[in-house]
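# Coordinates in review
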Amino acid sequence: MTVHQDLRTSTFTADVAPRGAATTEEHGTAAEWWRSAVIYQIYPRSFSDSTGDGIGDLPGITARLGELHGLGVDAIWLSPFMTSPQKDAGYDVADYCDVDPIFGTLADFDTLLARAHEFGIRVIVDLVPNHSSDQHEWFRQALATAPGSPERARYIFRDGSGAQGEEPPNNWQSIFGGPAWTRITEPDGTPGQWYLHLFDSSQPDFDWSKDEVKEEFRRILRFWLDRGVDGFRVDVAHGLVKDQDFPDYTPDVDAASMGGEETPAPYFEQTEVHEVYRDWRLVLEEYEGDRALCGEAWVSSVEKAALWVRPDEMHQTFNFQYLETPWDAGQLRGVIDDSLHAFNSVGAPSTWVLSNHDVVRHATRLSLTGENPQGSGIGPDHPGLPDRQTGLARARAATALMLALPGSSYIYQGEELGLDEVHDLPDAARQDPTWFRTAGERFGRDGCRVPLPWVADADTFGFTAGGTPWLPQPERWKSLARDVQRVDPDSTLNLYRRMLALRAEHDLGLGQLRWLPGNEGSVLMFANQDVTVLANTGTQPVALPAEHDVLLATAALKGAEVPADCTVWLRRHAG
Ligand code: NOJ
């Protein structure tokens, strides 16, 4: 048993053995930890604020690492905390090798890393190679020099079309809405060239055909590897290389907004992008300690996703097909089979994920009845809102299904509290560039980024010492605050802790899935190691299998029945 002292709130005593994260001595020696790791995504702005400015920071994270150790995670992934004007919440980086003052200092990062490693928690940092901030030194130099200069060549500048170059070079649209090209004024004051930005105009795309760009990112990788990070989550990993003909392209509006179309856009999934990751793999292999790369590639199938984790490329890639699958047994069966098959075929683990900082939280998403395109968010009038009871029941059941699958799972901060999407943010509070670039037509992602509730009875639920949270927290989160959930045996927090402890005890991450009789209709049923898992996605209760003990249930069982929207983990009686 381990006792952890929370530095700013109450004492937390772990009453189940912490999850099998490596101890200090084991750190760095466990082979291929990323094959089975449970990785907890921290969105630093919204995790915990130690300075009182209303924005979370690195010391705030360090102070809470004991909580995450008690929860039982193997690793944390930190969304970007590097120097940035924060036009896209840090995914617009001005200096890749320093910490933004709102998050702290490099020394704070080193302290965080050392403390995490003492807990046996590995640390993955976010790398944003597709684009920089327009405040990056290189982009400033590009603007200050003439067309054709080596400084400009690091980005994608083109002359405009039309008689005076007054039209964009092609018709590409930004993922966040509006044109993907912005025209500059040349240093001599004349209307000038256009630069490409797949996202906000403050995020100019690098030109990855240039050796200088490649060398700079090797340097950045080594900078963080030298400091001791365990890996990188790679932003827009499918986007770095563009079709050099820059053909016009009209996306299928019905397809996922971050990519994911059957025929890839000319700025996504270009074959040459894989060379970048083969090169990076060699850089990681210069280092001891099993460092890992995880790609964020929104592609249209798990077969395509598997291309990012061939043996000489990345170690993991996000399984967004799984995230996008509704709470439906047939569809879940299909995506689980397809994923295991596709990733096994290249010798990589499948990953699983239900929530992150770009999508509607799954405690809300799984009860929605309307369309919910990725990245668009939801507003106050979305169909299916608010059915929090169904959403939370499904979220708990869906997470129990996910964490029983072999491979590596990602969880997003706050889902262990059962947090719902804050669909009712006031318009004036919204900050996502998607909201501004679409004139409010798409709500964007702020609703899943609201600062965490730690203490029910404290101002700002203990998120910030004295400040105003950068996004307002809903009053309804009082009952979901961590301190309340710690002492409630049936809370979602304690469910997550039990799941992670049992997952470690039974080594589910390294097991094999075997479908069992009973896996039909709205019921998923399989064995992994010595655990039998049954998920009821239907509307009617189903019978508990005979001769099993219940290890865990995501809802109260009624006699020998598993209710609707419930997952159970069972163990067959011995003999
Ligand atoms: C994907 C990130 O997850 C998202 O938050 C960001 O806005 C875009 N990439 C652009 O960097």
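For clarity, every value in this text was computed on a predicted model and none was experimentally measured.

Criteria and cut-off values
- Residues numbered from 1 in each chain as written.
- Predicted model: local features only at pLDDT ≥ 70, side-chain atom pairs only at ≥ 80, totals over all residues.
- Heavy atoms only, no water.
- Core = buried A, V, L, I, M, F, W, Y, C linked by side-chain atoms within 4.5 Å.
- Buried < 20%, exposed > 50% of the residue type's maximum accessible area, 1.4 Å probe, protein only.
- Contact = heavy atoms within 4.5 Å.
- Phe/Tyr/Trp six-rings, centres within 6.5 Å; stacked < 30°, edge-to-face > 60°.
- Lys NZ or Arg CZ within 6 Å of the ring centre and 35° of its normal.
- Near = heavy atom within 4 Å.
- Polar contact = N/O pair within 3.5 Å; in protein donor to acceptor, adjacent residues only side chain to side chain.
- Areas by Shrake-Rupley, 256 points an atom, 1.4 Å probe, with all protein chains shown as cover.
- Salt bridge = Lys/Arg side-chain N within 4 Å of Asp/Glu carboxyl O.
- Helix = DSSP H or I, 4+ residues; strand = E, 2+ residues; numbered from the N terminus.

Ranked by size, the top nonpolar core spans 140 residues in total, and within it W224, F232 and W569 carry the most contacts. Not counting the four nearest positions on each side in its chain, W224 is found in contact with F81, M82, Y96, C97, D98, L106, F109, V125, V229 and F232. In terms of nonpolar packing, the next biggest core, distinct from the first, is built from 16 residues, L196, L198, F246 and Y249 among them.

Geometrically, a pair of aromatic rings is defined through the distance of the ring centres and the angle of the planes. Tallied over the full model, the rule gives 33 aromatic pairs. Ring centres of W435 and F443 lie 5.8 Å apart, and the angle between their planes is 25 degrees; this geometry places the pair in the stacked category. Through a chain of ring-to-ring contacts, the aromatic side chains of Y96, W138, F139, Y155, F157, Y195, F206, W208, F217, Y277 and W280 assemble into a single cluster. Against the face of F157 rests R152, its NZ or CZ located 4.9 Å from the ring centre.

The next subject is the site of the ligand. Around the ligand there are 13 residues in total, and D88, D235, H357, D358 and R445 lie nearest to it. A distance of 2.6 Å is found between an oxygen atom of the ligand and a side-chain nitrogen or oxygen belonging to D235. Here an oxygen atom of the ligand sits 2.5 Å away from a polar atom, N or O, in the side chain of D358. Here the ligand, which alone exposes 290 Å², has 100% of that area covered by the protein.

Below, the discussion takes up the pattern of salt bridges. Counted by the stated rule, this structure contains 33 salt bridges. For R227, the salt bridge is made with D110, and the minimal N-O distance between the two is 2.9 Å. Placement of the pair is R227 in helix α5 (residues 211-227) and D110 in helix α3 (residues 106-118), with a sequence separation of 117 residues. Among the residues examined, R227 registers a relative accessible area of 28% and is labelled partly exposed. On the accessibility criterion, D110 (30% relative accessible area) is partly exposed. Overlapping salt bridges, with partners in common, bring together D88, D358, D432, R445 and R449 in one network.

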